[in-house]
Each structure stands twice: as structure tokens, then as C-alpha cells.
Amino acid sequence: MASKLPNMRLTSIASHRTFSSLATRSSPANTILKSRPSNPLHSSRSQAFLPRPFLQQAFRRSYADAPKVELSPKPKKRFRFFRNLWRVTYLSVLFSVGYTGYLIWDLRNPAEQVDPDPTKKTLVVLGTGWGSVSLLKNLDTENYNVVVVSPRNFFLFTPLLPSCTTGTIEHRSIMEPIRNILRHKKASVKFYEAECTKIDYEKRVVYAKDDSDVKGDTMSTEIPFDMLVVGVGAENATFGIPGVREHACFLKEVGDAQKIRKQIMDCVETATFKDQSPEEVKRLLHMVVVGGGPTGVEFAGELQDFFQEDLLKWVPQIKDDFHVTLVEALPNVLPMFSKQLIEYTESSFKEEHIDIRTKTMVKNVTDKYIEAEVNKPDGTKEIEKIPYGLLVWATGNALRSVVKDLMSQIPAQAKARRGLEVNEYLVVNGAENIWAVGDCAVANYAPTAQVAAQEGAFLARLFNTMAKTDAIEAELQELSAKQATANPDDRKVILAEISERQKQLRRVKQIGPFSYSHQGSLAYIGAEKAVADVSWFSGNIASGGTMTYLFWKSAYLSMCFSTRNRVLVLFDWVKAKFFGRDVSRE
């Protein structure tokens, strides 16, 4: 019996090795099951038959042969930064698209309006320019019966008008229908597409004439007013020079931009017509711009871009004859900019082959050339004939006839020459219920769109304050009448209310006079360059170049009146960049 025990022990050891080998060849699931704690009874029996070294060796083999689960390495910090940046960008784009969609939906779905109260004052606004539209945008129309009279039923973003002449931007992209603006006011506003022919100050009546192609039975009408805002703008100043109004193109309205675009292509197509003389070709392809302000400089830059980037590709035969000349009576262009930016503009124009003729004053205009008085370096003057195919007149402003007539009715305006003189609250001097904004007003500021927009916003705040003042004063009168017949207890309560209303009245009346805040000046000079003289804290920042051109684009894009205008202008820029400008005549 004793001799059989060693054999039994060897058999147990062999069987255990076989079991361990099978365990190492089993699946990972079985390996996991084998690793679980076994029955204590079974464990004690195994330890009784097998020595510990054999168990440890079998466990090492099983653990070594088991499949290992590889964990993904932790991302490095720099990749984590880019991943977070991508998430932020993605979410920002989604938010921007969603917010833009909401603004477009809100623009397309105006809320219901309340009817105006006939007991309130009638406020008549003339014009739909920068000053008038800024007033209407910020005015609480529930306080007045508002009537708008203008010969055009849209607001025009004039800073981008030079881009419309060459097809960089479509003209409808910078037009905002005035009814889109008025329809979003709380109280309804009446709009009449008509031209104001006369303002009767004594009778407080505006005479308007329907000047549309399709006229009804009533061609003219009278519009009474309690308060009047004159924002009719100004005409193009010709300075009495003969032939300007007959032969030159202006750049103030949409029709002007369309006319210039047609004439550019007419000059190009006529110059390439059969049997044209070299002198006539040079004349037709000579584009002359009179006026060295922002409008004239931007148009000259846009026109040269149109030639270099588009016309030269499709009509290469005009390469040696196409030429742009800028004529200015002053010693330099862009007089409102710093000397550094003026020199940069002139050097950039020289690189772009745009000729600048300063100290050159136009004296006469014919259908084929202009006569200009040129100041020579030695101080002498000489009359020179400059032939042209296209002449664009981009000079100063002149008064409209309706403004001249109103000035003649007010004795205090007898010495006014440049427009309606106004006080610090934009009230026309000599009148109590007439205000003036924009180019038709003289407020000791340059006649720019920026000034007109701030004047309109100021008038809106003033009128809103005046309405609150009238309401509080009416309440005070009612409370005063009540306290006269009230008993002592009620009188104390009423007197407390009167004191509170008087405090409100003092706070409301604390509106100061108009003060213009200059935000800066911008101008595009061609070749994807721009100049900017921007106010920054207590000083100005003057810059020019390609980065300033990107700032110019972003600034004008943000200044557009509505989301609709911004989207359309952005699409036009992208379209012109990819497909070029259209060279068709219409």
C-alpha cells in the first residue's frame, strides 16, 4: 500500500499540468473565470495534493498566455487644444447660422401694429436718407402720429454706391425698402411716395406731389403737421459751371450708378468698333473723375480694379488706351484724412496708373472734353483741354429748392447760405416746431452720413423724451385737480404721488444738446487697399493697406442697415471674387 502512494502523487501532478495546459489554451472568458476565487474546500484539497511551487508556476503560465487588453494612449495637450478649438468654432458657426436665420425670419414676419392715436401730435418726416431713417429706427411711434414723405421708397447705403458702378455689388443689395422699416414699428406709420414741393411754415402744412409714372386722380395733396423734421438731403453742386449738368454723370442715387455702368461699357464697345481713329479710341477710354473726396477716390479705385481684373481679360485690345484721371481743385485728395494717408493714397494711385491732377479747377464742360485751369509750379495758370469718354462729377452739395423756399419764409435764416441753420437741439433757428438733419442742415459738422445718422438718433431720443414729459405733465395736472377736492388723508397720498412725478419729470428732462462723436473715416483706394483714420480713445489710428481693406469691408458690412443687406452684400463680394464682374452693358 505504501508503494502505491508515490505513483498516485505523480499522477496527480501530471493531471494538474494537463489541466493547466488546457486552461492556458482556453478563451479569455474562461481565463477570467479561472481567475475568480475558487471554493475554499476545493482550494484546500488542491493544496493538499499539490505543492505551492507547482501552483505558482501554473498561474504564471496562464497569466502570460492570456490576451492583453491594450488601452488607447491619452491624447497630448496640443491635440486636445486643437480639438477644443474645433468644437468652439463649430458651435460658434452653428450659433451664428441659427441667429442669422432667426433675424431673417423676424424680418419676414412682422408683428401686428396698433392704430395711431388721433389725439396725439402729428410728426411729419421728409426724406428717407441717413438722418430720417435713423430717426424712424429709434423713434417710439406710439407717442406720435408719424407720416413719412419721400420720392423714393427705400433707404440707400451710399458708402457702397461706387461699388455698384462696376458690378462689384448689385444695387438692390444696398437698398432697404422703407416699408420693411416702418412695418416693424409698434404703431403704424403712414408713408407717401411723393416729392415735397413746398413747406408752409405759417399754416404748418406740407405740400406733396405724386411724381410716379402711374398717377392717380390726386396728383398733389396737403399734409398738416404739428412737428416737422426736414431730412431731404442735398443736390449735386455744379458751382455754376456750364455743361456739367448736361454732360456729366453724378454719383448720388441708384440711377446714377446704373447710368455710369452703362456708359463705361458703351465707351469700351464703341472704342473697339471698326475704323475708329486712335485719337477717338484714347478719348473714349479716358475716364475722368472730378472730386478728390472719398466718393471720387473710391470710384476711381473701383474703376481701375474693373479694368485690371475683368475688362483686360475679355477686351485685351484696350490695354494701352484705358486710363483713369482724378481731378481735384485742392492741393491734395482726401483733405479730411491725415497727411500720412494722403501721401499713401497718392503713391498707391501712382502704382495703379491712376493719374491725379491736383490744383486743377474745371471751368467748362462739353460733350467730348473739359476745360480746366491748371496751376503750374511756378505760380502761373493755364487753360487745358482734357478729352474724356466718361465724366463723373463727385464734388460738393447744393441746396434743394424746397429748402431754399423754407429759408425765405423764416427771417432768422436770411443770412444762411449752406442750409438750414439749427441750434444745439437741431431746431431750425427762428422756428419752434421744425427740426433739420443731414445735408440740408448746418450744424458746424461735415455733411457726412455718419453725422446725419447720429443726428437722427439724437432726435429720436429727444422726441421720446418729449412724449414722456408731456405724459408726466398731464398726470401732474390730473393729480393737482384731485388733491384740491380730496379729504386730508387722500390728499397726503396724492401729494406723495405728485412729488414722485416731479422727480421723474426732472430726470426725463436731463437730456443734453446734440454732440457729434467722430468714429473715423474710411476710403477704398483700389487694388484691395484702403485707408482708415479711426478714433481710438483719446487719439486716432491712421493705417492703410490690405489689412485696412479687410477692416473696411467688415466695418461697412456691420454698418449695413439690416441682416438682409449684410447677407446680400457678402454674397456679392464672394460672387465677384470667384466669377468676376459682369461685363455686359445692362
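Reading the values: rules and limits
- Every chain's residues receive numbers from 1 upward, in the order its sequence appears when written.
- Only residues with pLDDT of at least 70 get local features here, since the model is predicted, and only at 80 or more are side-chain atom pairs given and counted; chain-wide, interface and lining totals rely on the full set of residues.
- Computation of side-chain values covers all heavy atoms of the structure but excludes hydrogens and water.
- A helix here means a DSSP run of H or I that spans at least four residues, while a strand means a run of E at least two residues long, and both kinds are numbered starting from the N terminus.
- Note on classification: 1.4 Å probe, protein chains only; a residue is buried when its accessible area is under 20% of the maximum for its type, exposed when over 50%, partly exposed between these limits.
- In this description, contact between two residues means that some pair of their heavy atoms is separated by no more than 4.5 Å.
- Using a 1.4 Å probe, accessible areas were evaluated by the Shrake-Rupley method; residue-level cover was limited to the displayed protein chains.
- Being paired, for any two strands, means DSSP has found at least two bridges between them.
- A fitted line through C-alpha atoms serves as each axis, taken over the contacting stretch for helices, and the angle formed by two N-to-C directions is quoted from 0 to 180°.
- UniProt positions are given in the numbering used here, feature names are shortened, and annotations may be inferred rather than shown by experiment.
- We define the nonpolar core as a collection of buried residues of types Ala, Val, Leu, Ile, Met, Phe, Trp, Tyr and Cys that are connected through side-chain atoms lying within 4.5 Å of one another.
- Only Phe, Tyr and Trp rings take part, Trp by its six-membered ring, and two of them pair if their centres are within 6.5 Å. Stacked means planes under 30 degrees apart, edge-to-face means over 60, and tilted covers everything else.
- Charge-over-ring placement is defined geometrically: NZ (Lys) or CZ (Arg) within 6 Å of the ring centre, and within 35 degrees of the ring normal.
- Each crossing gets its handedness from the near helix: less than a right angle anticlockwise from the far helix is left-handed, clockwise is right-handed.
- Residues were grouped as follows: Ala, Val, Leu, Ile, Met, Phe, Trp, Tyr, Cys and Pro as nonpolar; Asp, Glu, Lys and Arg as charged; and all remaining residues, including Gly, as polar.
- In protein, a polar contact requires one atom able to donate a hydrogen and another able to accept it; more generally it is a pair of N or O atoms within 3.5 Å, and residues adjacent in sequence count only if both atoms are side-chain atoms.
- Every patch collects residues that have over 30% relative accessible area and no salt bridge, joining them within 9 Å if they carry like charges and within 5 Å if they are nonpolar side chains (Val, Leu, Ile, Met, Phe, Trp, Tyr).
- Basic side-chain nitrogens of Lys or Arg form a salt bridge, by our definition, when they fall within 4 Å of a carboxyl oxygen of Asp or Glu.
- This arc corresponds to the set of directions leading from the helix axis out to the C-beta atoms.
- Oblique is the label for every angle not falling under 35 degrees (roughly parallel), over 145 degrees (roughly antiparallel), or within 65 to 115 degrees (roughly perpendicular).

Draft legend 1. Spotlight on the overall build of the protein chain. What the protein chain contains, in helices and strands, is 18 helices and 25 strands. Classification of the 586 residues of the protein chain by burial places 41% in the buried group. Counting contacts in the protein chain only where the partners sit at least 6 residues apart, residues at least 24 apart contribute 65% of the total. As displayed, the protein chain has an accessible area near 34000 Å², and 56% of this comes from carbon and sulfur atoms.

Draft legend 2. Examining the sheet that holds strand β17 (residues 381-387) more closely. Sheet architecture is open: 3 strands sit in the order β15-β16-β17, paired in antiparallel fashion. Across the chains shown, the open sheet's two edge strands, defined by having one partner strand only, are β15 (360-365) and β17. For this sheet, the mean angle separating the axes of adjacent strands, direction not counted, is 30°. Bridge analysis of strand β16 (residues 369-375) against β17 gives 7 bridges, and the strand direction is antiparallel. For Glu373, the partnering residue across the bridge sits in β17 and is Ile383.

Draft legend 3. Quick look at the UniProt feature "transmembrane region" (unreviewed entry) in the protein chain. When the UniProt feature table is mapped onto this chain numbering, "transmembrane region" (unreviewed entry) sits at residues 84-105. For residues 84-105, helix accounts for 100% and strand for 0%, while the C-alpha atoms at its two ends are 31 Å apart.

Draft legend 4. How the structure looks around the nonpolar core. Leu126, Val230, Leu459 and Phe463 are the most contacted members of the largest nonpolar core, which totals 125 residues. Once residues lying within four places of it in the same chain are set aside, the contact partners of Leu459 are Leu135, Val229, Tyr425, Leu426, Trp435 and Val437.

Draft legend 5. Fine view of the sheet that holds strand β21 (residues 434-436). With parallel pairing, 5 strands are arranged side by side in an open sheet as β5-β2-β1-β9-β21. Unpaired on one side and paired on the other, β5 (190-193) and β21 mark the two borders of the sheet. Here the strands of the sheet are splayed against their neighbours by 15° on average, with no regard to which way each runs. In terms of strand pairing, strand β1 (residues 122-126) meets strand β2 (residues 145-150) through 5 bridges, oriented parallel. Note that in β2 the partner of Leu123 across the bridge is Val146.

Draft legend 6. Quick peek at the packing of aromatic side chains. This structure, assessed with the given rule, holds 19 aromatic pairs. Relative to Phe561, the ring of Phe155 lies with its centre 5.6 Å away and its plane at 50°, an arrangement referred to as tilted. Residue Phe155 is located in strand β3 (residues 154-156), and its partner Phe561 is located in the loop between α17 (546-559) and α18 (563-579); the two are separated by 406 residues in the primary sequence. Taken as a pair, Phe155 and Phe561 share a single burial class, namely buried. Of the aromatic side chains, those joined through ring pairs into one cluster are Trp130, Phe155, Phe157, Tyr524, Tyr549, Trp552, Tyr556, Phe561 and Trp573. In this structure, Lys137 packs its charged tip against the face of Phe561, placed 5.0 Å from the ring centre. Looking at Lys553, its charged tip hangs above the ring of Trp573, at a distance of 4.7 Å from the centre.

Draft legend 7. Quick peek at the packing of helix α6 (residues 130-138) against helix α15 (residues 449-485). Remark: α6 packs on α15, axes separated minimally by 7 Å, with the N-to-C direction vectors making an angle of 35°. The interaxial crossing formed by α6 with α15 has right-handed handedness. Of α15, the residues touching α6 (which contributes Trp130, Gly131, Ser134, Leu135 and Asn138) are Ala449, Ala452, Ala453, Gly456, Ala457, Leu459, Ala460, Phe463 and Asn464. When the residues that make up the contact of α6 with α15 are grouped by side-chain class, the tally is 9 nonpolar, 5 polar and no charged.

Draft legend 8. Focus on the side chain of Asn565. Locating Asn565 in the fold gives a position in helix α18. In terms of polar contacts, Asn565 uses its side chain to reach the backbone carbonyl oxygen of Met175, at 3.3 Å. Dropping the residues within four chain positions of it, Asn565 is found in contact with Ser173, Ile174, Met175, Glu176 and Cys560.

Draft legend 9. The arrangement of a nonpolar patch on the surface in detail. Together, Leu570, Phe571, Val574, Phe578 and Phe579 make up an exposed nonpolar region whose accessible area comes to about 610 Å². For Phe579, the location among the structural elements is in helix α18.

Draft legend 10. How the structure looks around α6. With 7 of 9 residues buried, α6 is to be regarded as a mostly interior element. For α6, the set of buried residues is Trp130, Gly131, Ser132, Val133, Ser134, Leu135 and Leu136. Against the buried residues of α6 lie β1, β2, β3, α8 (178-182), β9 (227-230) and α15.

Draft legend 11. Main features of helix α14 (residues 401-409). Along α14, the positions that sit buried rather than exposed are Val402, Val403, Leu406 and Met407. Down the axis of α14, the buried side of the element spans an arc of 140°, and every buried residue falls inside it. Exposed positions of α14 whose direction lies more than 90 degrees from the buried face are Ser401 and Ser408. For α14, the secondary structure elements touched by its buried residues are β6 (195-200), β9, β20 (420-421) and β21.

Draft legend 12. Fine view of the pairing of β6. Note that β6 and strand β7 (residues 205-209) share 5 bridges and pair antiparallel. Paired with Glu195 across the bridge in β7 is Lys209. Counting the residues between successive antiparallel strands, the hairpin from β6 to β7 contains 4 residues, one of them, Arg204, with a positive phi of roughly 60°.

Draft legend 13. How the structure looks around the packing of helix α10 (residues 254-271) against helix α12 (residues 294-314). At a minimum axis distance of 13 Å, the contact between α10 and α12 shows a crossing angle of 45°. Taken together, the axes of α10 and α12 are oblique relative to one another. Our pair here, α10 against α12, has a crossing hand that is right-handed. Of the residues in α12, those in contact with Ile260, Arg261, Ile264, Met265 and Val268 of α10 are Phe299, Leu303, Phe306 and Leu311.

Draft legend 14. Seen up close, the pattern of salt bridges. A complete count under the given rule lists 15 salt bridges for this structure. Here Arg152 ties to Glu253 by a salt bridge, and the two come within 2.6 Å at their closest N and O atoms. Within this pair, whereas Arg152 is found in the loop between β2 and β3, its partner Glu253 is found in the loop between β11 (249-250) and α10, the two being separated by 101 residues in sequence. In this structure Arg152 comes out as buried when scored by relative accessible area, which is 17%. Across the pair Arg581 and Asp310 runs a salt bridge whose closest N-O atoms are separated by 2.6 Å. Of the two residues, Arg581 sits in the segment after α18 while Asp310 sits in helix α12, which places them 271 residues apart along the sequence. Residue Arg581 is classed as buried on the basis of its relative accessible area of 11%.

Draft legend 15. Up close: the environment of Glu352. Among the structural elements, Glu352 can be located in the loop between α13 (339-351) and β14 (354-357). Assessed through its relative accessible area of 9%, Glu352 is described here as buried. Separated by 44 residues in sequence, Glu352 and Gln308 place their C-alpha atoms 9.2 Å apart. Ignoring sequence-local partners within four residues, the contact set of Glu352 consists of Gln304, Ile525, Gly526 and Ala527.

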